[in-house]
Amino acid sequence: MRKTSTALFVSLAAAAMAFTTTQTAVAFPDKPVTFIVPFGVGGNFDVLARKLGQRWEKELGQPVVIKSLPGSGGRRGSLQIYRAKPDGYTIGFAHFVPFLADEHLMGKKPALDLKKFAMIYKVAHGPNYIFVRKDTPYKSVHDFKKAGRPIKFASTGIGAITWTEANALAGILNFQLSFVLGYKKLADASVAVAKGDAEAGLGGVRHFRGVKDDVRPLMFFGAKRDSHYPDVPSAGELGLKRLTALGSPRIIVAPPGTPQDKVQVFRDAIKRAVVDPEFQAWVKKSGMYLKPQDPKSTWVDLEEQGKVFASLAEAVAAARKGK
Amino acid sequence: MLDSMALAIERLADPQALAMLLTGVIIGTTFGALPGLGSIVALSVVLPFTFGMDPLAAMYLYAGIMSSVTFGGSVPAILLNTPGTPPNAATCFDGYPMAKRGEGARAISVSATSCLVGSIGGALVTIALLPVIKPIVFAFGPPEFFGLVVFGLVMIAFASRANMVKGLVGGGVGLMLSLVGYSEIYDTYRYTLGSDYLWDGIPLVPFVVGLFAVSELITYTARGGTTVSHDVSETKINWHGQIITGIHDVLSRPVQWMRSAAIGAAIGIIPGLGGSVAAFMSYFVGMQRADDPESYGKGNVEGILCAETANDAKEGGALLPTVAFGLPGSPDMAILLGGFVLHGLEPGPDLLRNHMDLIYALLFGIVISQVITSGLGLAAAPWLARLSLLPNRWIAPFVLVLVFVGTFMVRTNILDVAMAIAAGIFGYLMRRYGFPLITIAIGYILGPLAEKSWIQSMQISDDSLMIFVTEPIALVLLLGALATLMVPVVLALRKSRARGLAP
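Source: prediction; values computed, not measured.

Calculation criteria
Residues numbered from 1 in each chain as written. Chains lettered and ligands numbered in written order. Predicted model: local features only at pLDDT ≥ 70, side-chain atom pairs only at ≥ 80, totals over all residues. Heavy atoms only, no water. Buried < 20%, exposed > 50% of the residue type's maximum accessible area, 1.4 Å probe, protein only. Helix = DSSP H or I, 4+ residues; strand = E, 2+ residues; numbered from the N terminus. Arc of directions from axis to C-beta. Contact = heavy atoms within 4.5 Å. Phe/Tyr/Trp six-rings, centres within 6.5 Å; stacked < 30°, edge-to-face > 60°. Lys NZ or Arg CZ within 6 Å of the ring centre and 35° of its normal. Polar contact = N/O pair within 3.5 Å; in protein donor to acceptor, adjacent residues only side chain to side chain. Pairing = 2+ DSSP bridges. Axes fitted to C-alpha atoms, helices over the stretch in contact; angles between N-to-C directions. Buried area = accessible area lost by both parts, 1.4 Å probe. Salt bridge = Lys/Arg side-chain N within 4 Å of Asp/Glu carboxyl O. Domains from an automatic or database assignment.

Draft legend 1. Broad picture of helix H1 (residues 2-12) of chain B. All names here are of chain B. Taken together, the buried positions of H1 are Ser4, Met5, Ala8 and Leu12. Buried residues of H1 fall within an arc of 100 degrees about the axis and therefore sit on the same side. Facing away from the buried side of H1 by more than 90 degrees, the exposed set consists of Leu2, Asp3 and Glu10. Buried-residue contacts for H1 involve helix H2 (15-33), helix H4 (55-80), helix H6 (104-129) and helix H17 (356-385).

Dropping the structure here:
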């Protein structure tokens, strides 16, 4: 009798233990998750992460703590994610573009190996506009070549997305360009265009909304036209398909080596979060673009972006030497 | 315009609005008073809590924080010679000598009252300049910024009234320190010693707080005693009476505070200059205009008045480019901008056309929360001022811990604490050899702007120096800088001639 009860107890205990272990496996995450944003509080990436985090928290059942680590054009925060413990409790937006540009465009060794990131999901992609001051004679991007002199662009810095986009455009359309660099934000660069320090600039609707009375968009870098400016032609329809590979993807990643099942938990939660109609309405109004995309095709796109960079490397190097 | 103002006032009468302002004030004053922590940290901390709130309530919370931080930061500047936030550094010059004389409560009262008049003045100037915001922002481009920075650096070296050469050397050292880090313009890392810690240069908060606070604490502990000098009798100090004196000090100087408020608001409007410049510019203009410039830096109430009035007036001004162009003039405005976006408001001409009531509500909110801050400040001043009677050896470790926690909190990076210590030792040595710390700090703060505006001017003009001649504002500023540099030479010449003429 006594023996049976012990056996029963042991088997019960074992069952209970088995139950709790499966429970913990299912209940990931069981504590708050840190979400690193490589740009400042209040920036484009930050507000997107916060707005998304609100919905995401409900799906995950745990708070998502947004931690802003700005610096070095998004490199610092991305590096922080790269170096974090791969236990599934630190994830974030990695900013891929500067590292891609370092490697393929500038011929420098990037500070991290992008391919090692455990990619969770791509959320958004922000194609830029190219715009000019209202009183300039340019009616289309093809007019730049006719100017017969370098077109002056305002941008944040060498290697920045807007800088590569301008260079790519100049390379394909075969016009000369020069830069006024060092603006802290694209909004500052837009004001510089509006006040006449430069002739042309690039940026999203959000960036030049403040001076929209003084500038005129010429082209949208997407494959199709954008609803904010339906009269402005897209790169796709102007036959500049290569340019649509550029721009800034908003990709959520986990540190290299994070277990796949944990990555999947996040991916499922975020897939459910991005379809929220209220969130989608907010994104549209704020001039951002949702582009949910699975890791597989995102990696393909990134490779394509790297190739576009590589094809521009020579022209860029020549342009920098000439300057 | 009056409609939107009426709507804004109506919204402020809501008890929830007042509760939000009060909460903001309490958070802001606390974060301001702790060295290292400032409005950036305070705003970042509250931002996630504002999600569920009505946008306007969130704006009031932000307004409460932004307007109260500067007063909070002035308290340790006066009592401990340790600026709570970088823009309060100018308040130390006269605030601390007053505390030494046993007039700590009077100095805090001057600061509280100045913040209030500054806030009101700033709001008035801002409302008046609203229609012409575009020409003002468009008038300031890279050549004008370069002129401003050069003029500012020379003025500060001149006004720090230590040896002018040492002042300029300090400015140069600061400028050189500011070059460390990644340069977007050249796409290179400079002097990072192979470490990614220095990618973004020497971090601002640990450097400035370390330079002033840690070096002061070293001096402090070495000296011993209390803040109030020994020759002042404790029993003779009438803390409560000093409050009235302090209020009277400010109100009896309308010219000074109107001028300081105008300077503060104007500098706030120009994006990219920031709070430290507003306070120092106002302080130095005040000194130039004073009948007795010699008394500045020795505990003249006008020094605190000029610095703190401008400090608070700039908040109203800085709001303008933020809402009109989505162009934040300072890091805390960048966070406010994020708050706008999160609540579905997009800054830009549309916001000015359709949501003027919101902007008035924010401006009035800033003023009302300043009334609350100053009221609380005046009430607390007699007790706060008693800190200056505590022995230094008790205060120093406490402040040092606060400094370390503050610098650590900003980015939660322990190396920032090491940076604060290193900056403190560096500051102590520079101080011992008579280099004014303030020119080092200003050189360091303005250095990136100096470099950037120079290169951008060259890029705009295709490498022609004529851009500094053809742009009238830049030309005037550069000529002003040259004239200031000549002053000591002229004075010396005149002195030697006078000596020569004497029999």
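Draft legend 2. Local environment of the packing of aromatic side chains. Applying the stated criterion across every chain, the model contains 37 aromatic pairs over all chains. Summarising the aromatic geometry, the rings of B:Tyr283 and B:Tyr296 are spaced 5.5 Å apart at their centres and angled 70 degrees between planes, so their arrangement reads as edge-to-face. Separated by 13 residues along the polypeptide, B:Tyr283 in helix H13 (residues 275-289) and B:Tyr296 in the loop between H13 and helix H14 (301-325) bring together distant segments of the chain. The class for B:Tyr283 is buried, based on a relative accessible area of 2%. Centre to centre, the rings of B:Tyr360 and B:Phe364 are 6.1 Å apart; their planes meet at 20 degrees, and the pair counts as stacked. Residue B:Tyr360 and its partner B:Phe364 are both found in helix H17; the two are separated by 4 residues, about one turn of the helix. B:Tyr360 sits in the buried class, given a relative accessible area of 2%. Residue classification places B:Phe364 among the buried positions, given a relative accessible area of 16%. Here the aromatic residues A:Phe28, A:Phe35, A:Phe39, A:Phe45, A:Trp56, A:Tyr89, A:Phe93 and A:Phe266 are joined through ring pairs into a cluster of three or more. For the cation-ring pair, A:Lys31 lies above A:Tyr89, with the distance from its terminal atom to the ring centre recorded as 4.6 Å.

Draft legend 3. Here's a closer look at the side chain of A:Arg76. Its place among the elements puts A:Arg76 in helix H3 (residues 75-83). Here the side chain of A:Arg76 touches B:Asp196 through a polar contact of 2.8 Å, landing on its backbone oxygen. Aside from chain neighbours lying at most four places away, what touches A:Arg76 is A:Leu69, A:Pro70, A:Gly71, B:Asp196, B:Tyr197, B:Trp199, B:Asp200 and B:Arg411.

Draft legend 4. Inspection of the pairing of strand E4 (residues 118-126) of chain A at higher detail. All names here are of chain A. Of all 9 residues making up E4, 9 are buried, and the element is well covered by its neighbours. Examined bridge by bridge, E4 and strand E10 (residues 248-254) share 7 bridges and lie antiparallel to one another. Of the residues in E10, the one forming a bridge with methionine 119 is valine 253. Summarising the sheet, E4 and strand E11 (residues 290-293) pair through 2 bridges and their orientation is antiparallel. If you follow alanine 124 over to E11, its bridge partner there is leucine 290.

Draft legend 5. Inspection of the sheet that holds E10(A) at higher detail. All names here are of chain A. Taken together, the 6 strands give an open sheet; going across it, the order is E2-E1-E3-E10-E4-E11, and neighbouring strands pair in mixed fashion. Since the sheet does not close on itself, it has two edges, and those belong to strand E2 (64-68) and E11, each with one partner. Within this sheet the neighbouring strands show an average axis-to-axis angle of 20 degrees, counted without direction. Those strands touched by helix H2 (residues 44-60) are strand E1 (33-37), E2, strand E3 (90-94), E4 and E10, and its axis lies near 165 degrees from that of E2. The strands touched by helix H4 (residues 96-105) within the sheet are E3, E4 and E10, with E10 carrying the most contacts at an inclination of about 105 degrees.

Draft legend 6. Expanded view of the sheet that holds strand E7 (residues 177-180) of chain A. With mixed pairing, the 5 strands of this open sheet are ordered in space as E7-E6-E8-E5-E9 (chain A). Looking at strand neighbours, the two that pair on one side only are E7 and strand E9 (215-220) of chain A, the edges of this open sheet. Across the sheet, the mean angle separating the axes of adjacent strands is 35 degrees when strand polarity is ignored. Contacts from helix H6 (residues 161-173) of chain A reach strand E5 (129-133), strand E6 (151-154), E7, strand E8 (200-203) and E9 of chain A, with the element oriented near 165 degrees to E7(A). Here helix H20 (residues 437-460) of chain B sits on the sheet in contact with E6 and E7 of chain A, set at roughly 150 degrees to E7(A).

Draft legend 7. Geometry of the interface of chain B and chain A. Taken residue by residue, the interface counts 44 residues in chain B and 47 residues in chain A. Regarding the contact of chain B and chain A, the summed buried area is about 3900 Å², with carbon and sulfur atoms giving 51% of it. Across the pair A:Arg76 and B:Asp200 runs a salt bridge whose closest N-O atoms are separated by 2.5 Å. Our count for the contact surface shared by chain B and chain A stands at 12 residue pairs in polar contact (both at pLDDT 80 or more).

Draft legend 8. View of the environment of A:Val232. Residues and elements named next belong to chain A. In this fold, valine 232 is placed in the loop between E9 and E10. Measuring from C-alpha to C-alpha, the distance between valine 232 and arginine 83 comes to 42 Å, with 149 residues separating the pair along the chain. The residues touching valine 232, leaving out its near neighbours within four places in the chain, are Tyr129, Pro217, Leu218, Met219, Phe220 and Arg225.

Draft legend 9. Region of interest: the pattern of salt bridges. All names here are of chain B. Summed over all chains, the structure comprises 24 salt bridges over all chains. Across the pair arginine 101 and glutamate 103 runs a salt bridge, and its minimum N-O distance is 2.9 Å. The exposure class of arginine 101 is partly exposed, given its relative accessible area of 38%. It is possible to trace a salt-bridge network through shared partners that takes in Arg101, Glu103, Arg106, Asp249, Arg253 and Glu302.

Draft legend 10. Expanded view of the domain arrangement of chain A. Residues and elements named next belong to chain A. For chain A, the assigned domains read domain 1 (32-125 + 248-310) and domain 2 (129-245). Computed from C-alpha atoms alone, the centre-to-centre distance between domain 1 and domain 2 is 26 Å. Facing 19 residues of domain 1, the contacting portion of domain 2 comprises 16 residues. Taken over both partners, the interface formed by domain 1 and domain 2 buries close to 1300 Å², and the fraction arising from carbon and sulfur atoms is 57%. Among the residues domain 1 hides against domain 2, the three largest losses belong to Asn44, Tyr289 and Val308. Together they make up 33% of the total. Where domain 1 touches domain 2, the interface holds 0 salt bridges. Remark: the boundary between domain 1 and domain 2 carries 6 residue pairs in polar contact (both at pLDDT 80 or more). Mapped onto the side of domain 1 that touches domain 2, the elements with two or more residues apiece are H2, H4, helix H10 (277-285) and helix H11 (295-322). Here the element with the most residues in the side of domain 1 that touches domain 2 is H11; it accounts for 4 residues.

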